[in-house]
Amino acid sequence: QGYFYTLGMLPVFKLDVINPDAIWALLDSAEAESGMTHENGQIKQRNYRAYTLTDETDQVQLELIISQHDKLLTITFDSSLNDPRLLENALGITPVDTPLANVSLINDLIEKHSFTKHSLGYINHHAIVQAITSPNDNLLGQHINKLMSLEKQDHLHVYQQPHCKTELNNIADNWPRTVFGFNQFDINAQTTMLDMSMVVESNNQTILTALTQMTGFIPQYVKDLNNTVLALGIGLDISNLSPAISNVWNELQQPKYGCPPLQKMQSEIQKNNPIMLGVMTAMANGIKGISGAVMDYRLDDNQIIKNVDALLSLSANDPKTLFNIIKTFRPELANVELPANGSIVELSSLIPFEPLPGINPKLIMHKEHMVIFNGDKAKKVAIELGNNPITATGIYSLSIDYSKAFTPLVTAAELSGQQIPPELADMKNYNLKFN
């Protein structure tokens with residue numbers, strides 16, 4: 001098990017160790033290679049190694065501290081700005097005033113966000129705001145104060161005005177934490193399956209509602225890691241985009257702030273009125289998302305694509321009406337008539353162009369989807385998409401199968417006799433699928 005946390009600005013990393021001698025041997029080897037040496041230190045009968053990271057002339061002295069006790073490795077830092085007791089806290093000799101073990105926060109966050117107990121992390125926005133606005137009230141603020149005292153100008157002093165204290169703490173109430181952890185954590189001899197989330201906690205209903213309104217449609221094929229090389233989906237409900245962003249724009253201007261940095265931020269926001277966005281998106285009303293995927297591809301000996309299995313889909317309330325609106329602005333499309341729903345036609349029969357060798361894209365119309373595709377695998381997905389009604393499924397999705405993506409590139413390079421960079425050759429056997 002490993003742990004990372006901060007005591008003020010002081011980072012602390014702890015790791016369970018089976019064989020402590022192996023750690024010392026590793027460090028001895030690193031010292032021999034680098035020429036860096038350590039000093040042995042002791043505090044309350046606890047031994048540690050100290051590696052000096054600064055010059056004697058530096059205003060602040062900094063040491064890397066490495067210690068092992070009861071098969072627990074601790075890596076931290078010691079600074080001339082620190083109270084000596086802080087090193088005792090970091091090494092686990094003296095407990096901190098309010099240990100996490102004495103409160104229910106960890107279990108509460110795991111339960112709230114449905115994380116597994118394998119891993120959890122969080123950033124406390126409240127503590128950061130308190131450190132900036134009331135530096136004497138927490139350890140992070142005290143450390144920042146000491147650093148600022150070495151500067152010619154304290155750039156954070158403006159945030160300690162009464163207006164800033166109140167207003168920034170109110171913002172932190174609305175955005176208390178960023179939390180991250182595993183939703184799934186399965187490891188066996190053959191595979192590793194990890195599902196991880198990062199959650200920015202928010203109590204701002206206006207922004208949460210706006211995000212919900214903007215959410216569009218991303219087809220299931222974008223997240224199909226077994227049958228795609230690369231896939232990307234953007235789901236945006238264009239009809240709601242302008243009003244949602246307008247609501248957020250209005251929200252960010254309320255209340256009228258008295259804190260100078262927040263006043264400046266609001267002034268900049270006022271200059272970017274989203275009213276023009278409504279004009280620009282009016283023509284695209286009804287669009288719910290656009291997605292695409294490469295199912296498979298092959299290169300010839302000259303690393304030129306000779307075959308590709310791929311599709312591109314537009315999801316909208318009425319794609320045909322949308323296309324007819326676009327036609328009024330594009331004279332070259334004036335005589336193009338889309339096929340009946342469910343019909344497949346070659347794209348070149350609608351829009352004249354010269355098909356590439358092995359690539360002859362086709363178009364299929366559905367009630368809510370217009371799909372351009374090439375290849376048998378993509379054809380099957382394009383036909384099945386007609387059975388998928390539009391629902392709010394997401395805003396953004398990216399999938400990649402590294403092995404499928406890089407193997408044709410490496411193979412084509414090998415056949416052409418080109419020198420293959422080691423990092424590219426390694427990717428050929430990198431069996432990782434990511435969404």
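Up top is the structure these notes are about.
Quick summary incoming for the structure in this document. (Residues numbered from 1 in each chain as written. Predicted model: local features only at pLDDT ≥ 70, side-chain atom pairs only at ≥ 80, totals over all residues. Heavy atoms only, no water.)

## Looking at helix H11 (residues 319–327)
- The complete set of buried residues in H11 reads Pro319, Leu322, Phe323 and Lys327. Each buried residue of H11 sits inside an arc of 145 degrees when the element is viewed along its axis, so together they form one side.
- Against the buried residues of H11 lie strand S11 (287–299), strand S12 (305–316), strand S14 (362–365) and strand S15 (369–374). (Buried < 20%, exposed > 50% of the residue type's maximum accessible area, 1.4 Å probe, protein only. Helix = DSSP H or I, 4+ residues; strand = E, 2+ residues; numbered from the N terminus. Arc of directions from axis to C-beta. Contact = heavy atoms within 4.5 Å.)

## Thoughts on the pairing of S15
- Taking burial as the measure, the six residues of S15 include five buried ones, the bulk of the element.
- As paired strands, S12 and S15 are joined by six bridges and run antiparallel to one another. Paired with Leu312 across the two strands is Ile372, which belongs to S15.
- Note: S14 against S15, four bridges, orientation antiparallel. Bridge assignment links Ile364 to a residue of S15, and that residue is Val371. (Pairing = 2+ DSSP bridges.)

## Details of the nonpolar core
- The biggest cluster of nonpolar side chains holds 19 residues, and the ones touching the most others in it are Ile287, Leu338, Leu363 and Met370.
- Leu338 has contacts with Lys320, Phe323, Leu350, Met365 and Met370, leaving out every residue within four places of it along the chain.
- Among the nonpolar cores identified, the runner-up in size contains 14 residues, and Ala231, Met295, Leu311 and Ala382 belong to it. (Core = buried A, V, L, I, M, F, W, Y, C linked by side-chain atoms within 4.5 Å.)

## Some details on the sheet that holds S12
- Taken in spatial order, the eight strands make up an open sheet running S13-S14-S15-S12-S11-S10-S16-S17, and their pairing is antiparallel. For this open sheet the edge positions go to strand S13 (344–346) and strand S17 (433–434), each flanked by a neighbour on one side alone.
- Relative to S14, S13 is paired through three bridges, and the arrangement is antiparallel. When the bridges of S14 are listed, Val345 appears paired with Leu363.
- Contacting S11, S12, S13, S14 and S15, helix H13 (residues 376–384) runs over the sheet at an angle of about 10 degrees to S12. (Axes fitted to C-alpha atoms, helices over the stretch in contact; angles between N-to-C directions.)

## A word on the environment of Thr321
- Considering the arrangement of structural elements, one finds Thr321 in helix H11.
- For Thr321, a relative accessible area of 40% corresponds to the partly exposed category.
- As for Thr321 and Gly286, which are separated by 35 residues in sequence, their C-alpha atoms are 9.5 Å apart.

## Description of the packing of helix H6 (residues 162–174) against helix H9 (residues 260–270)
- Between H6 and H9, the least distance of the axes is 9 Å, while the angle of their chain directions is 60 degrees. In terms of axis orientation, H6 runs oblique to H9. Contacts between H6 and H9 involve Cys164, Glu167, Leu168 and Ile171 on the former and, on the latter, Pro260, Pro261 and Leu262.
- A class-by-class count of the residues in the contact of H6 with H9 yields six nonpolar, no polar and one charged. (Parallel < 35°, antiparallel > 145°, perpendicular 65-115°, else oblique. Nonpolar A, V, L, I, M, F, W, Y, C, P; charged D, E, K, R; others polar.)

## Quick word on the pairing of strand S5 (residues 62–69)
- Direction of pairing for strand S4 (residues 46–52) relative to S5: antiparallel, over a ladder of four bridges. For Thr52, the partnering residue across the bridge sits in S5 and is Glu63.
- Bridge count between S5 and strand S6 (residues 72–79): eight bridges; the pairing is antiparallel. Pairing of Glu63 across the sheet is with Asp78, part of S6.
- Between S5 and the antiparallel strand that follows it, S6, lie two residues; Asp70 among them carries a positive phi value of about 50 degrees.

## Thoughts on the layout of surface pockets
- Here the second largest pocket defines a volume of roughly 620 Å³.
- Elements represented by at least two residues in the lining of the second largest pocket include exactly strand S9 (192–200) and S17.
- Residue composition of the lining of the second largest pocket, grouped by class: six nonpolar, seven polar and two charged. (1 Å grid on protein atoms, 1.4 Å probe; cavity = no way out; pocket = protein on both sides within 12 Å on 5 of 7 lines; lining within 4 Å. Points joined across faces, edges and corners; volume = space filled by probe spheres on them.)

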